[in-house]
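# Summary of structural features
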Amino acid sequence: MTRLGRADVLVADAGDLCEGPRWDDRTGTLVWVDILAGAVHVLGPRTGERRTHRLHMPVGAVAPRRGGGWVAAVERGFRLLDDEWQPTGPVVGAPGQPAGTRFNDGACNPRGEFWAGTLAYDGTRGVAALYRLGADGRVREVLGGVTNSNGIGWSPDGATMYYVDTGLGTVDRFDVDPVTGLVSGRTTLIRIPEGDGLPDGLTVDAEGHLWLALWGGGCIRRYTPSGALEAVVELPVALVTSLTFGGDELDELFITTARQGLTPAQRRAQPLAGSIFRHRPGTTGIPVAAFAG
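Report follows, based on the coordinates. These numbers come from a predicted model, not from an experiment. (Residues numbered from 1 in each chain as written. Predicted model: local features only at pLDDT ≥ 70, side-chain atom pairs only at ≥ 80, totals over all residues. Heavy atoms only, no water.)

A word on the environment of Asp122. When you line up the elements, Asp122 lands in the loop between β11 (114–120) and β12 (128–133). A polar side-chain atom of Asp122 sits 2.6 Å from a polar atom in the side chain of Thr124. (Helix = DSSP H or I, 4+ residues; strand = E, 2+ residues; numbered from the N terminus. Polar contact = N/O pair within 3.5 Å; in protein donor to acceptor, adjacent residues only side chain to side chain.)

Listed below in structure tokens is the structure:
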């Protein structure tokens, strides 16, 4: 296992619960959400220009749309937005979503379907689910009995899906049907040891390796496709939430962190909690998949 070089601060004081970073290659900007604030932030890394858009409801993840605009996983379902982050229709609810839950992390698969899951506000185990929003606008439950649906990604060839249930402390792999895009054959690929933190967001690089953020672990990790720990990048904050590749060559890792729930003493000890970091890992990522609907 190799310890890689440090990550630099890109945006200090980026938010309380920063998550879901996405590189928008259409505009050369970095997008991330501040979940409970219901905010989407857009940054030009070269210019430093930053804009904030308020969705007026919690937002767990966003993805670009092929036809322009965005799709968002909001508290009680999915919402389509235009390029100015204004809604173009009502929230599309998820069937059977229990009260007291909200949407969390999500991403699009290579087919252009948006997958996102939920968690319970009070941490109740097993009441959440993973859902799929199709290009036809229909929402279907894919996986039930989830505790904290989190990072999700696909291998470069699209044949494997990786999925984090933070409540289980695992990263699981699924086989993807090449015709339907549905998944089967769930197996646990990575189990984070107790005391190392909890698995949160993830991304997959062009070599098929997984990059995983550890909530409470103060780092990101790179794993081989077989689940072997290969490299670590340590950060000066504990609550590391997610990461994405970006930049003109997709050779920069943008890392989101949080300060939500830290005590005053912890915040004083971690003044950069809630910042966005940038690391150059020596490998490249996969372009962010867009929603086909």
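Glancing now at unusual backbone geometry. A positive phi angle is found at Asp13, which is not glycine, with a value near 55 degrees. You can see Asp13 is positioned in the loop between β2 (8–11) and β3 (18–24).

The subject of this paragraph is the packing of aromatic side chains. Taken as a whole and assessed by the stated rule, the structure comprises 8 aromatic pairs. Aromatic side chains Trp70 and Trp85 sit 4.6 Å apart centroid to centroid with 20 degrees between the ring planes, which places their arrangement in the stacked category. Of this pair, Trp70 sits in strand β8 (residues 70–74) while Trp85 sits in the loop between β9 (77–81) and β10 (101–108); the two residues are 15 residues apart in sequence, bridging distant segments of the chain. Between Phe78 and Phe114 the ring centres are 5.8 Å apart and the planes differ by 75 degrees, which places this aromatic pair in the edge-to-face class. Of this pair, Phe78 sits in strand β9 while Phe114 sits in strand β11, placing them 36 residues apart in sequence. Each of the two residues, Phe78 as well as Phe114, counts as buried. Taken together, Phe78, Phe103, Phe114 and Tyr131 form an aromatic cluster joined through their ring pairs. In this arrangement the basic side chain of Arg26 is found over the ring face of Trp70, its NZ or CZ atom lying 4.9 Å from the centre. (Phe/Tyr/Trp six-rings, centres within 6.5 Å; stacked < 30°, edge-to-face > 60°. Buried < 20%, exposed > 50% of the residue type's maximum accessible area, 1.4 Å probe, protein only. Lys NZ or Arg CZ within 6 Å of the ring centre and 35° of its normal.)

Looking now at the sheet that holds β8. Taking strand neighbours across the sheet as the criterion, the 3 strands line up as β7-β8-β9 in an open arrangement whose pairing is antiparallel. With one partner strand each, in any of the chains shown, β7 (59–64) and β9 form the two edges of the open sheet. The sheet shows a mean angle of 20 degrees between the axes of neighbouring strands, taken without regard to direction. (Pairing = 2+ DSSP bridges. Axes fitted to C-alpha atoms, helices over the stretch in contact; angles between N-to-C directions.)

It is worth spelling out the side chain of Asp205 at this point. Tracing the chain through its elements places Asp205 in the loop between β18 (198–204) and β19 (210–215). At a separation of 2.9 Å, a polar atom in the side chain of Asp205 contacts the main-chain amide nitrogen of His209. Contact partners of Asp205, with chain neighbours within four places excluded, come to Pro156, Trp211, Arg222, Phe245, Thr283, Thr284, Gly285 and Ile286. (Contact = heavy atoms within 4.5 Å.)

Honestly, that's just the spatial picture; any functional story needs more than this.
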